[in-house]
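Listed below, chain by chain, are the residues.
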Amino acid sequence: MCAKFVKVLHAGRLSYGAGLRLQQKLVQRHREKHLYEIPNSLILVEHEPVYTVGIRNKGYTEEDESHLRSLDAEFYRTNRGGLITFHGPGQLVAYPIIDLRDFNSNVRCYVSQIEKTIIRLCAEFGLKGETSPDTGVWIKDKKICAIGIHASRYVTSHGLALNCCTDLRWFDHIVPCGIEDKGVTSLSKELFAHVSIEDTIPGLKKAFSDEFQCELVDMDRDEISNALKACHINSVAVSS
């Protein structure tokens, strides 16, 4: 049995703002880790349509923001790494809230571990995921998974966004991750078949467990309910 444990919170579909509050709550667990048997956690969530920019925002103006909001999407400026991206239905978003010291890791190694996790997952679907000089995981010259993280006093937040059956037309309105002349793709597009978030979660959990050499333990419904209530999130469709 692995010595390290990570609690998995299946959050269902949430607004991006609710997801931020949930991350902040679980980051706080690390500040109060003496109260928790297992402070390390992994949020699995699907967001309502939202465009987010990281600390390298390349000067997105209020006009740019207004245009993107006019598409019936939210817009957030965040403290994660990276440039602009989209989150929305059909995309599996994973937020590891872990203390890197528990995994004998650092920020650079951690990003590499996230990339390797997704490459493992792609291999389970018979796809060759690859890294490039640009962060993320690619199928040839198309990004299938965006990565943008934040770390404070070794505790991580934000994470990865894997396109499962995402409507890729949302990306037509931006330069994803600020990278010109490259596109985006999804598991469904590459496999010519519908691949849902639910189809993808078991493989992601296995790949994460293998890469981080930890055992994943699903939070029960009471734990999830308590975490959501603490963040003033009233209801959510939870899947596991």
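Right above here is the structure, for reference.
Residues numbered from 1 in each chain as written. Predicted model: local features only at pLDDT ≥ 70, side-chain atom pairs only at ≥ 80, totals over all residues. Heavy atoms only, no water.

Undergrad: I'd like a description of the overall build of the protein chain, backed by residues and values.
TA: Of regular secondary structure, the protein chain possesses six helices and eleven strands. On C-alpha atoms alone, the protein chain measures out to a radius of gyration of 17 Å, which is about the 18 Å that the 2.2 N^0.38 rule sets for 240 residues. When the backbone C-alpha atoms are referred to their principal axes, the protein chain occupies close to 45 × 40 × 30 Å. Counting over 240 residues, the protein chain shows a buried share of 52%. Taking as baseline every contact in the protein chain between residues at least 6 positions apart, the subset at least 24 positions apart corresponds to 75%. Side chains of the protein chain carry 29 positive and 31 negative charges; the gap between the two charge centres is 4 Å. (Helix = DSSP H or I, 4+ residues; strand = E, 2+ residues; numbered from the N terminus. Rg over C-alpha atoms; globule rule 2.2 N^0.38 Å. Buried < 20%, exposed > 50% of the residue type's maximum accessible area, 1.4 Å probe, protein only. Contact = heavy atoms within 4.5 Å. Lys, Arg positive; Asp, Glu negative; His and termini not counted. Charge placed at Lys NZ, Arg CZ, Asp CG, Glu CD.)

Undergrad: Residue-level account of the pattern of salt bridges, with values.
TA: Applying the stated rule across the entire model yields 13 salt bridges. One salt bridge in this structure joins Glu-223 and Lys-7, with 2.6 Å as the shortest N-O distance. Placement of Glu-223 in helix α6 (residues 221–230) and of Lys-7 in strand β1 (residues 5–14) is noted, with a sequence separation of 216 residues between them. Exposure remark for Glu-223: the relative accessible area of 28% places this residue in the partly exposed category. Between Arg-169 and Asp-167 there is a salt bridge, with the nearest N and O atoms lying 2.9 Å from each other. Through salt bridges that share partners, Arg-120, Lys-206, Asp-210 and Glu-211 make up one connected network. (Salt bridge = Lys/Arg side-chain N within 4 Å of Asp/Glu carboxyl O.)

Undergrad: Kindly report on the pairing of strand β3 (residues 50–53), identifying the contributing residues and their values.
TA: Across the two faces of β3 the burial is the same, with Val-50 and Thr-52 and Tyr-51 and Val-53 all buried. Here four bridges tie β3 to strand β4 (residues 74–77), and the two strands are oriented parallel to one another. Paired with Tyr-51 across the bridge in β4 is Phe-75. Note that β3 and strand β5 (residues 85–87) share three bridges and pair antiparallel. Its bridge partner lying in β5, Val-50 is registered against His-87. (Pairing = 2+ DSSP bridges.)

Undergrad: Account for α6, naming residues and giving values.
TA: Looking at α6, one finds that the buried residues are Ile-224, Ala-227 and Leu-228. Down the axis of α6, the buried set is contained in an arc of 95 degrees. They therefore lie on one face. Exposed residues on α6 whose side chains face more than 90 degrees from its buried face are Asp-222 and Lys-229. Tucked inside the fold, the buried residues of α6 contact β1 and α1 (16–31). (Arc of directions from axis to C-beta.)

Undergrad: Which residues make up the environment of Ile-139, and what are the values?
TA: Relative to the helices and strands, Ile-139 is located in strand β7 (residues 137–139). Along the chain, Ile-139 and Asp-102 lie 37 residues apart, while their C-alpha atoms are 31 Å from each other. In this view, Ile-139 contacts Cys-122, Leu-127, Lys-128, Gly-129, Ile-144, Thr-185 and Glu-190; residues no more than four positions away in its chain are not counted.

Undergrad: I'd like a rundown of helix α3 (residues 107–124), residues and numbers included.
TA: Compared with the 26 Å implied by 1.5 Å per residue over 18 residues, the 26 Å span of α3 between its first and last C-alpha is a close match. Among the residues of α3, those classed as buried are Tyr-110, Val-111, Gln-113, Ile-114, Glu-115, Thr-117, Ile-118, Leu-121 and Cys-122. Turning to α3, the residues buried within the fold contact β6 (91–97), β7, β8 (142–152), β9 (155–163) and α5 (197–212). A distance of 3.2 Å separates the backbone nitrogen of Arg-108 from a side-chain oxygen at the start of α3, and that oxygen is part of Asn-106. Downstream of α3 by a residue or two, Gly-126 has a phi angle that is positive, lying close to 80 degrees. (Expected span 1.5 Å × (residues − 1). Polar contact = N/O pair within 3.5 Å; in protein donor to acceptor, adjacent residues only side chain to side chain.)

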